[in-house]
Amino acid sequence: MIDHTVNQLREGRFRLFLLLCGALAMSQPGRAEEALPFAPSQICRYSVDNIPRSIAIRQGAGIWFGYDLEKALVFKVWKSPENKPGVIVKSFKAQSSGAALFEGETSEGWQIARGGKSLPLTARYLGCTQHKENFELRWELRYPDGTINMSERIAVTPATAGAPPTRELRVESLPEGASLALPAAYFEAWELTGPDRKPVKTFTAAAWHQLSLR
Amino acid sequence: MKNSLSALAFFALTFLVPVSVISEELDLLSTDIFAKGPNAYNGDVLEITKGRGATIGWYINAKKAEEVRVSIEYACAAPLNQDYQLSFDGIDQFWKVVPTEGKDLKRVELGVFPIREGLPVLVLLVPPSGTKYKHPVRFRKLIVESKIPGNLTRVQAIKEPDAPVSSPGFGSKLSQAHPALKVRDLRDENLTLRVSGMKMRTENELILTTWDGDLYSLDLSAVPETGPPPYRRIARGLSEPMGLAVSGERIFVTEKNQVTELIDEDGDGFFETYRCVSNDWPSSMDYHEYLFGLVAKEKYLYFTASVGMARRGIDNFQPPLRGSVFKVHMDTGATEVVAGGLRTPDGIGEAADGGLLVTDNQGEWLPANKLIHVKNGAFYQFRSTAPWHPLDVPKANPPAVWLPLGEIGASPTEPILFPSSWGPYAGQVLFGDETFGGLQRAFLEEVDGVTQGAAFRFSQGFRHHFHRLAFTASGELYAGGIARGSDQGYIDRVSGVTRIRYTGKEVFEPLAARLRTNGLEIEFTQPLAENTGWNPAGYDVTQWGYQATQTYGGQKVRHRRAGVSSATVSADRRRVFLEIDGILPEEVLHVRISKLFSSESGEPIRAGELWYTVNRVPADLPGEVKEVPSGSFAQVEPFFHFTKGDPGQVLFQTYCASCHSLNGTKLVGPSFKGLAGSQIKVKDPASGETRSIEVTADYLRESILDPNALLAEGYPENLMPPIGAILTDTQLDDLVDFIIKASPKP
């Protein structure tokens, strides 16, 4: 009984401490600004490279990932010029700037494979979240019988310095015996590895896979 | 029936000026159009290469109603990528221009149309909007075939009614704040807030989005007496948000091409998750594709989608479903189209009956600005290249209130209802204007199931041009302004927030207007002085219609003075019934009340003007006409003075004054102060070259007819409406003469 009361007190004090910290952060403009997600130097939510629904996300010092949100696909990866921004914004439109490391021109989209047959999927963008360690994007991939949920995240800082640009994907609610396949054109440029970091060809389980630029 | 007959007689007596052509085939010659616009004649052939500002029209009259066949005589060497529009008394027919061989003109049939009896009917041939072609359509005439010999006549250009001399609130824009308002500018000079969305989050927290993509919070209880308010940024990285809604503790924004819920995952006061609620409509890279406003009702969000502008000069293509009112479920994202046919609907709000109100900006397919009471499944007439909106129907739905350009609006914004604490205005609609500035109000009523009503001037005198409005629970109004470009760029206005308090001071002004079968009843905020209001000469009433075309803006159709046969003051002297002959549906009644009117307490009338949109005339709701009490007509001074000697001044006031000052004030366009004879720098958009020219009558004439031809340096293309399309040659001369006289080089 006493322990419980102490715990409650501790909990209450801790909450109060958190609230005070929050209030302090907000009362100091500089610190509050730092706490604000979606810094333009890191994430650009304007249309990028003439793709109306797109987003650009920076990884590390200067690697940028450009996503076509309607296709749920990376359309470009590029490295910004030394000490210069990787995205130039003018009149609420963005242009990638730097050396292209990957450009994914394809009319093909995600496909679901089941029982020896492949079905095209329609992507519906669900939104994004900025976490402390990474930036996460979410989609629904729809096919006639159902919906697959897909998440993709980009680490703010690469796990290993000098490692190739890498992102992580996870698919949920895959039907029994089905697998999700990237557009074939992407396999030439990206290496897909499973949760155990071994190369795989499709997504089959609700675990984080990695896609690294070859 | 009485109204129709009265209207017929009125037209016959006032402005039907038949010419000698009376035939089974009536020729409407290109040389007889009332405004040639930016195109040039080659002999009797008008060579049409430019669409913007080219409204080619005639009035015709039929003694008896019938069906007529319309043909065109033309030549064209090459196909066009868009259709011409024939607007016959508001009925649209689209004509795919088939190339002709050789130099000879060819005749082809355009369609069969009903023609009304007795009323001048406007026939408009409208080239594709905004598009310039290398090969002209060589146009000589339209031919209207009648089955009844001698039934049709062409009516010479209708003479605009003379307008009384204007002053602020009486024929021209107000110049000061409403006397019952206490205004405080809450701008922080070090912070640019181009306000694009605004809502109360809690009783004391105002939140607002900016065009630049931020979400700010303002604790209203912490606003100091002087100095900048404590704006606090709580989100950033939004893509051109133009609407904001609060539903319980949830916050939603309309971004460039999606509806987004902002979620604070960890409760730190900032938003880490931008959930895409819906983006279920096509989107392009057009700069003008916005999602405007956001209304949260139960579990749904309502907003509008503007059309694109970038392809106006190319092919006028719009992605499907642009110009819609959308409805989205907050949780599932299920998306429905509520209505279509909008252009730049930069404001949406709730109506008193629980429905939706939308404002729309004049331009292509909008001859004037609109306040719309949205009907499910309705189409409001903006069109693009076919196939256009799925709700497109030949007969579009009318707005609740037309807001004539330059008179009572230019770019109307968010409509909001006055709360109960705002005295007599409670329940009326309040709306801002991004270009015209100030606050306007509207009174709405329902006639035969259709919403219609009147617009009134309310207040000017603010530093910001208001884009978004929010009332607190206690009735304080917060108004957010937005600069179209950068602050104090080519237009002299700045962004920011204004706090407006209603003091309750009684102000004598027209409050409401209600249509009756035989006239219009005007309600005032205070009783009229004894023996005031009975003389019909104390009211200058004009009326006109609109006819939407695919080119920018439009003229007043059949603009004429209305016959006020009597004025009856109610027993409490708060209402006057104007008995008006010839009220017609689908027209606007404009009422100017004499400045000589005063209230029972001796207060002079303020803002004595209203615009009533007649969608329906009530079938059996007559206003009461009483005998005039003795002495009520006594009048020493004339109620109105007219500017017969200077029609150019009237035209300037109507078409130019909202954007061009004469005293050096920077409005939307350059001031005319010291303009005539001066050297200015102009840019030729075609070549991109800038050069100095002298401002002469010829330059002014060309700029009015084709505003994009030689742009004053620093001003963008398409900013100025092509008003030359609706001016006769004589009007154009009058206007240019006035500008030259009024703007001498110092």
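Everything numeric in this text was worked out from a predicted model, so none of it was measured.

*Asks:* Before we move on, can you summarise the overall build of chain A with the specific residues and values?
*Replies:* A tally of regular secondary structure across chain A gives 3 helices and 17 strands. Looking at chain A as a whole, 29% of its 214 residues qualify as buried. Put simply, of all contacts in chain A between residues at least 6 apart along the chain, 42% involve residues at least 24 apart.

*Asks:* Kindly report on the overall build of chain B, identifying the contributing residues and their values.
*Replies:* Across its full length, chain B carries 4 helices and 49 strands. For chain B, whose C-alpha radius of gyration is 26 Å, the value lies close to the compact-globule estimate of 27 Å for 746 residues. For chain B, with 746 residues in total, the buried portion stands at 52%. Across chain B, every contact between residues at least 6 apart in sequence was considered, and the portion connecting residues at least 24 apart equals 66%.

*Asks:* Account for the packing of helix 2 (residues 647-656) of chain B against helix 4 (residues 729-742) of chain B, with residues named and values stated.
*Replies:* Residues and elements named next belong to chain B. Running from N to C, helix 2 and helix 4 point in directions that differ by 85°, and their axes come no closer than 8 Å. Classified by the interaxial angle, the pair formed by helix 2 and helix 4 is roughly perpendicular. Contact with helix 2, carried on its side by Pro647, Gly648, Gln649, Leu651 and Phe652, involves Gln731, Asp734, Leu735, Asp737, Phe738 and Ile739 of helix 4 and no other residues of that element. Taken together, the residues that form the contact of helix 2 with helix 4 break down as 6 nonpolar, 3 polar and 2 charged.

*Asks:* Give a description of the confidence of the model for chain B that names residues and reports values.
*Replies:* Residues and elements named next belong to chain B. When pLDDT is averaged along chain B, the result is 91, and 95% of the positions lie at 70 or above. Below a pLDDT of 50 lies the segment residues 1-22, which in the model reaches 36 contacts outside its immediate sequence neighbourhood of four places, other chains included. Overall fold confidence (pTM) sits at 0.90, and the ipTM for the predicted complex is 0.87.

*Asks:* Mind laying out unusual backbone geometry, listing which residues take part and the relevant values?
*Replies:* The residue A:Ser173 is not glycine, and still its phi comes out positive at about 55°. On the basis of neighbour count, A:Ser173 is assigned to the exposed category, with 12 C-beta atoms found within 10 Å. The phi torsion at B:Trp365 lies on the positive side, around 70°, for a residue other than glycine. As for its position among the elements, B:Trp365 is in the loop between strand 29 (356-360) and strand 30 (369-373). Judged by local crowding, B:Trp365 falls into the buried class, with 27 C-beta atoms found within 10 Å.

*Asks:* A description of the interface of chain A and chain B should follow, citing residues and the corresponding values.
*Replies:* The interface of chain A with chain B comprises 22 residues on the first partner and 23 residues on the second. Those elements giving two or more residues to the side of chain A that touches chain B turn out to be helix 1 (2-27) and strand 11 (122-130) of chain A. Residue contributions to the side of chain A that touches chain B peak at 6 residues, all from strand 11 of chain A. Across the side of chain A that touches chain B, the residue classes break down as 13 nonpolar, 7 polar and 2 charged. By the bridge criterion, 3 bridges tie strand 11 of chain A to strand 23 (residues 273-278) of chain B in an arrangement that is antiparallel. Paired with A:Thr129 across the bridge in strand 23 of chain B is B:Thr273.

*Asks:* An account of the sheet that holds strand 7 (residues 93-96) of chain A is needed here, citing residue identities and associated values.
*Replies:* Residue and element names in this part refer to chain A. Here we have 3 strands laid out as an open sheet, ordered 2-7-6, and mixed in their pairing. Only two strands of the sheet have a single neighbouring strand rather than two, namely strand 2 (47-48) and strand 6 (87-90). Sheet topology places strand 6 next to strand 7; 4 bridges connect them, and they run antiparallel. Directly across from Lys90, in strand 7, lies its bridge partner Lys93.

*Asks:* Which residues make up helix 3 (residues 697-705) of chain B, and what values do they have?
*Replies:* Turn by turn, an α-helix covers 3.6 residues, leaving residues three or four places apart pointing in a common direction. Those residues of helix 3 of chain B not exposed but buried are B:Leu700, B:Ser703, B:Ile704 and B:Leu705. Those residues of helix 3 of chain B hidden inside the fold are in contact with helix 4 of chain B.

*Asks:* Can you tell me about the pairing of strand 4 (residues 45-50) of chain B, naming the residues and giving the values?
*Replies:* All names here are of chain B. Across 3 bridges, the pairing between strand 3 (residues 40-42) and strand 4 is antiparallel. Its bridge partner lying in strand 4, Asn42 is registered against Val45. Joining the antiparallel neighbours strand 3 and strand 4 is a turn of 2 residues, in which Gly43 adopts a positive phi near 65°. Of the strand pairs in this sheet, strand 4 and strand 11 (residues 132-145) are connected by 4 bridges, and their pairing is antiparallel. Bridging from a neighbouring strand, Leu46 pairs with Phe139 of strand 11.

*Asks:* Summarise the sheet that holds strand 19 (residues 231-235) of chain B; cite the residues concerned and give the values.
*Replies:* All names here are of chain B. Across the sheet, which stays open at both edges, the 4 strands sit in the order 16-17-18-19 with antiparallel pairing between neighbours. Strands with a single pairing partner mark the edges of an open sheet, and in this sheet they are strand 16 (195-200) and strand 19. Direction aside, the axes of adjacent strands within the sheet are offset by 30° on average.

*Asks:* How would you summarise the packing of helix 3 of chain B against helix 4 of chain B if you had to cite specific residues and measurements?
*Replies:* Residue and element names in this part refer to chain B. Relative to each other, helix 3 and helix 4 sit at 125°, their axes nearing to 10 Å. Regarding the angle of helix 3 to helix 4, the classification is oblique. The interaxial crossing formed by helix 3 with helix 4 has right-handed handedness. When helix 3 is examined against helix 4, the residues Ala697, Leu700, Arg701 and Ile704 are found in contact with a partner set consisting of Leu732, Leu735, Val736, Ile739 and Ile740.

*Asks:* Report on the confidence of the model for chain A, specifying residues and quantitative values.
*Replies:* A low pLDDT score tells you not to read the predicted coordinates there in detail. Summing up the model confidence of chain A, the mean pLDDT is 85 and the portion of residues at 70 or higher is 84%. Across chain A, element-level confidence peaks in strand 1 (residues 43-44) of chain A with a mean pLDDT of 98 and bottoms out in helix 1 of chain A with 40.

*Asks:* Outline the nonpolar core, supporting the account with residue identities and numerical values.
*Replies:* Residues and elements named next belong to chain B. Within the largest apolar cluster, 229 residues are counted, with the highest numbers of intra-cluster contacts made by Ala454, Leu578 and Tyr612. The dominant element in this core, judged by the number of residues it contributes, is strand 10 (residues 121-126), at 6 residues. Once you skip the residues sitting within four places of it in the chain, Tyr612 turns out to touch Gly453, Ala454, Ala513, Leu515, Leu520, Val588 and Leu589.

*Asks:* Describe helix 4 of chain B, with residues and values.
*Replies:* Residue and element names in this part refer to chain B. With 14 residues, helix 4 ought to run about 20 Å at 1.5 Å a step, and its terminal C-alpha atoms sit 20 Å apart, in line with that. Every buried residue of helix 4 is listed here: Gln731, Leu732, Leu735, Val736, Phe738 and Ile739. One face of helix 4 carries all of its buried residues, which in axial projection span an arc of 160°. More than 90 degrees from the buried face of helix 4, the exposed residues found are Asp729, Thr730 and Lys741. Elements that come into contact with the buried residues of helix 4 comprise helix 2 and helix 3.

*Asks:* Before we move on, can you summarise the environment of B:Leu366 with the specific residues and values?
*Replies:* All names here are of chain B. Within the fold, Leu366 resides in the loop between strand 29 and strand 30. The buried category is assigned to Leu366, around which 26 C-beta atoms lie within 10 Å. In the structure, Leu366 is positioned 209 residues away from Arg575 in sequence and 33 Å away in space, judged by C-alpha atoms. Setting aside anything within four residues of it in sequence, one finds Leu366 in contact with Arg343, Asp360, Asn361, Phe382 and Ala548.

*Asks:* Break down the pairing of strand 23 of chain B for me, citing the residues and quoting the values.
*Replies:* In the sheet, strand 22 (residues 259-263) of chain B pairs with strand 23 of chain B via 5 bridges, with the strands oriented antiparallel. Looking at the pairing, B:Thr260 lines up with B:Cys276 of strand 23 of chain B.

Definitions and limits used
Residues numbered from 1 in each chain as written. Chains lettered and ligands numbered in written order. Predicted model: local features only at pLDDT ≥ 70, side-chain atom pairs only at ≥ 80, totals over all residues. Helix = DSSP H or I, 4+ residues; strand = E, 2+ residues; numbered from the N terminus. Buried ≥ 20, exposed ≤ 12 C-beta atoms within 10 Å, placed from the backbone. Contact = placed C-beta atoms within 7 Å. Rg over C-alpha atoms; globule rule 2.2 N^0.38 Å. Axes fitted to C-alpha atoms, helices over the stretch in contact; angles between N-to-C directions. Parallel < 35°, antiparallel > 145°, perpendicular 65-115°, else oblique. Nonpolar A, V, L, I, M, F, W, Y, C, P; charged D, E, K, R; others polar. pLDDT = per-residue confidence, 0-100. Pairing = 2+ DSSP bridges. Left-handed = near helix turned anticlockwise from the far one by under 90°. Core = buried A, V, L, I, M, F, W, Y, C linked by C-beta atoms within 7 Å. Expected span 1.5 Å × (residues − 1). Arc of directions from axis to C-beta.

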